[in-house]
Amino acid sequence: KNMEASNPQSSDYPVTHDTTVTLKCKDTFTSSVGSKTVTCTDGTFANPSFTCSASCSITSDWAPKNMEASNPQSSDYPVTHGTTVTLKCKDTFTSSGGIETVTCTDGTFSNPSFTCLYWWPFTKANKVEIS
């Protein structure tokens, strides 16, 4: 479902015995290492020796509301399988500590191991009096 024939084209089917077909991943999928060809033997193709993994999208709702991607930027998507993305806290928030990266694995980002906490600096310049 995430692969397609690139040579011969799908319109060239059925293929004959001993015909080699080159496969490729569909758009938004990333290929692992392995042979991209399969051969028809007695009407059956062997399983390919590579896999196609889904990419991840950086959209407005992919991370907690108080975090954003700092590398790659939100415009650098889709993010391919296996890519690590660095997160940062948005302005007025500070990190609780922990690993500030997530990894794209077959279309899903891992969960960050830190949280962003609201930060309000109490200085003389913005002193608040509570009565």
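Residues numbered from 1 in each chain as written. Predicted model: local features only at pLDDT ≥ 70, side-chain atom pairs only at ≥ 80, totals over all residues. Heavy atoms only, no water.

J.: Before we move on, could you go through the overall build of the chain and cite the residues and values that matter?
T.: Assigned secondary structure in the chain consists of zero helices and twelve strands. If you list the helices and strands of the chain from N to C, you get β-β-β-β-β-β-β-β-β-β-β-β. Considering the chain as a whole, with its 131 residues, one finds that 24% of them fall into the buried category. Contacts spanning at least 24 positions in sequence make up 36% of the contacts within the chain whose residues lie at least 6 apart. With the model as given, the accessible surface of the chain reaches about 8900 Å², and the carbon-plus-sulfur share is 51%. (Helix = DSSP H or I, 4+ residues; strand = E, 2+ residues; numbered from the N terminus. Buried < 20%, exposed > 50% of the residue type's maximum accessible area, 1.4 Å probe, protein only. Contact = heavy atoms within 4.5 Å. Areas by Shrake-Rupley, 256 points an atom, 1.4 Å probe, with all protein chains shown as cover.)

J.: If you had to explain the sheet that holds strand 5 (residues 44-45) to someone new, which residues and values would you point to?
T.: Here we have four strands laid out as an open sheet, ordered 1-2-4-5, and antiparallel in their pairing. The strands lining the two open edges of the sheet, one partner per strand, are strand 1 (3-7) and strand 5. Across two bridges, the pairing between strand 4 (residues 37-41) and strand 5 is antiparallel. Each residue of the ladder has a partner; that of Thr41, found in strand 5, is Thr44. (Pairing = 2+ DSSP bridges.)

J.: I'd like a rundown of the pattern of salt bridges, residues and numbers included.
T.: Taken as a whole, this structure holds two salt bridges when the rule is applied. The residue Lys24 makes a salt bridge to Glu4 at a minimum N-O spacing of 3.7 Å. A residue pair is termed long-range when its members are at least 10 positions apart, and Lys24 in strand 2 (residues 20-25) and Glu4 in strand 1 qualify at 20 residues. The residue Lys88 makes a salt bridge to Glu68 at a minimum N-O spacing of 3.8 Å. (Salt bridge = Lys/Arg side-chain N within 4 Å of Asp/Glu carboxyl O.)

J.: With reference to specific residues and values, describe the environment of Ser96.
T.: Position of Ser96 among the secondary structure elements: in the loop between strand 9 (93-95) and strand 10 (101-105). Here the alpha-carbon distance between Ser96 and Thr115, two residues 19 residues apart in the chain, equals 5.4 Å. Each residue touching Ser96, except ones within four places of it in the same chain, is listed here: Phe114, Thr115 and Leu117.

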